[in-house]
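Structure at a glance
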Amino acid sequence: MPTVKHILSTDDFTNEEIQHLTSPDESRSTTHYGKRMSLLFCSTSTPTRLSLIQALDELEMLSVVLNPEELRMSDDESIADTATAVSCYSDLIGIRTLGGRGDVDPLLTDAALAEFTEGSSSPVINMASNSAHPCQALADLRTIRESFLPERNKRIVISWAY
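In this report, we go over the structure that sits alongside the text. (Residues numbered from 1 in each chain as written. Predicted model: local features only at pLDDT ≥ 70, side-chain atom pairs only at ≥ 80, totals over all residues. Heavy atoms only, no water.)

A closer look at the pattern of salt bridges
All told, the structure shown has two salt bridges when counted by the stated rule. Glu17 is the partner of Lys5 in a salt bridge, and the nearest nitrogen-oxygen pair spans 3.4 Å. With a gap of twelve residues between them, Lys5 in the segment before α1 (15–22) and Glu17 in helix α1 connect regions that are remote in the sequence. By relative accessible area, which is 40% here, Lys5 ends up partly exposed. Classification of Glu17 as partly exposed rests on a relative accessible area of 30%. Arg142 is the salt-bridge partner of Glu146, the closest N and O atoms lying 3.1 Å from each other. Pair noted here: Glu146 and Arg142 are both in helix α6 (residues 134–148), with a separation of four residues, about one helical turn. Overall, the relative accessible area of 44% leaves Glu146 in the partly exposed class. Under the relative-accessibility criterion, Arg142 is labelled buried at 18%. (Salt bridge = Lys/Arg side-chain N within 4 Å of Asp/Glu carboxyl O. Helix = DSSP H or I, 4+ residues; strand = E, 2+ residues; numbered from the N terminus. Buried < 20%, exposed > 50% of the residue type's maximum accessible area, 1.4 Å probe, protein only.)

As structure tokens, this is what we get:
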């Protein structure tokens, strides 16, 4: 069985892959007609939800938006069992487990993200967790490269915290 490539942080990319993904000149005309991405929101985010649904639509992919209550993750179904079931019906899975300060929900932890990833046979993309936000980081880098690419020797500092 081939190894599944998950995207949990920007560390999961080579420098070449990051350059390719964030290049302002890179065409995004590839379609993935009929592929399905499940978006599992253990924590909600209006911008993440809407931007990913829009992106999937532009790629001619189907989006399925899920929450833990619908899947009984908050009840009696383990995170790994949920991942196994969702991956049977998804070509790709996005999961958001970002918790707030003092949050005690076990679904809003990096451990939950790791358990879900281990149980999934489909690639998992971290839509935001307590330790990483790779989609945002790549989008920010692409915006910076589009805006400042002609001006070399600029130093840019990015900070993300809550």
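Read on for the rest.
With respect to the sheet that holds strand β3 (residues 92–96)
Strand order in this open sheet of four strands is β2-β1-β3-β4, and the pairing throughout is parallel. The open sheet is flanked by β2 (62–66) and β4 (124–128), the only strands paired with a single partner. Averaged over all adjacent pairs, the angle separating strand axes in this sheet is 20 degrees, with direction ignored. Bridge count between strand β1 (residues 36–41) and β3: five bridges; the pairing is parallel. Counted as the bridge partner of Met37 is Leu92 from β3. Each of β1, β2, β3 and β4 is contacted by helix α2 (residues 46–58), which is oriented at about 180 degrees to β1, the strand it contacts most. (Pairing = 2+ DSSP bridges. Axes fitted to C-alpha atoms, helices over the stretch in contact; angles between N-to-C directions. Contact = heavy atoms within 4.5 Å.)

Concerning helix α4 (residues 79–88)
When α4 is considered as a whole, its buried residues turn out to be Ile79, Thr82, Ala83, Val86 and Ser87. When α4 is viewed along its axis, its buried side chains cluster within an angular range of 125 degrees and face the same direction. Buried residues belonging to α4 abut β1, β2, α3 (68–71), β3 and α5 (110–119). (Arc of directions from axis to C-beta.)

Topic: the pairing of β4
Within β4, five of the five residues are buried, leaving the element largely enclosed by the surrounding structure. Here β3 runs beside β4; their pairing, made up of four bridges, is parallel. Bridged to Arg96 within β4 is Ala128.

Some remarks on the nonpolar core
What tends to happen in soluble globular proteins is that the nonpolar side chains get buried as a cluster. Counting 16 residues, the largest nonpolar core has Leu40, Cys42, Leu71, Met73, Ile79, Ile95 and Phe116 as its most contacted members. Every element with two or more residues in this core is listed here: α4, β3 and α5. For Cys42, the residues in contact, after removing those within four places along its chain, are Pro68, Met73, Ile95, Arg96, Thr97, Leu107 and Leu108. Among the nonpolar cores identified, the runner-up in size contains 13 residues, and Ile18, Phe41, Ile125 and Leu138 belong to it. (Core = buried A, V, L, I, M, F, W, Y, C linked by side-chain atoms within 4.5 Å.)

Focus: the environment of Ser122
Of note, Ser122 is situated in the loop between α5 and β4. Considering only alpha carbons, one finds Ser122 and Cys88, 34 residues apart in sequence, at a separation of 7.7 Å. When sequence neighbours within four positions are dropped, the list of residues in contact with Ser122 reads Val4, His6, Ser87, Ser90, Asp91, Leu92 and Ile93. For Ser122, the side chain forms a polar contact with the main-chain oxygen of Ser87, separated by 3.1 Å. (Polar contact = N/O pair within 3.5 Å; in protein donor to acceptor, adjacent residues only side chain to side chain.)

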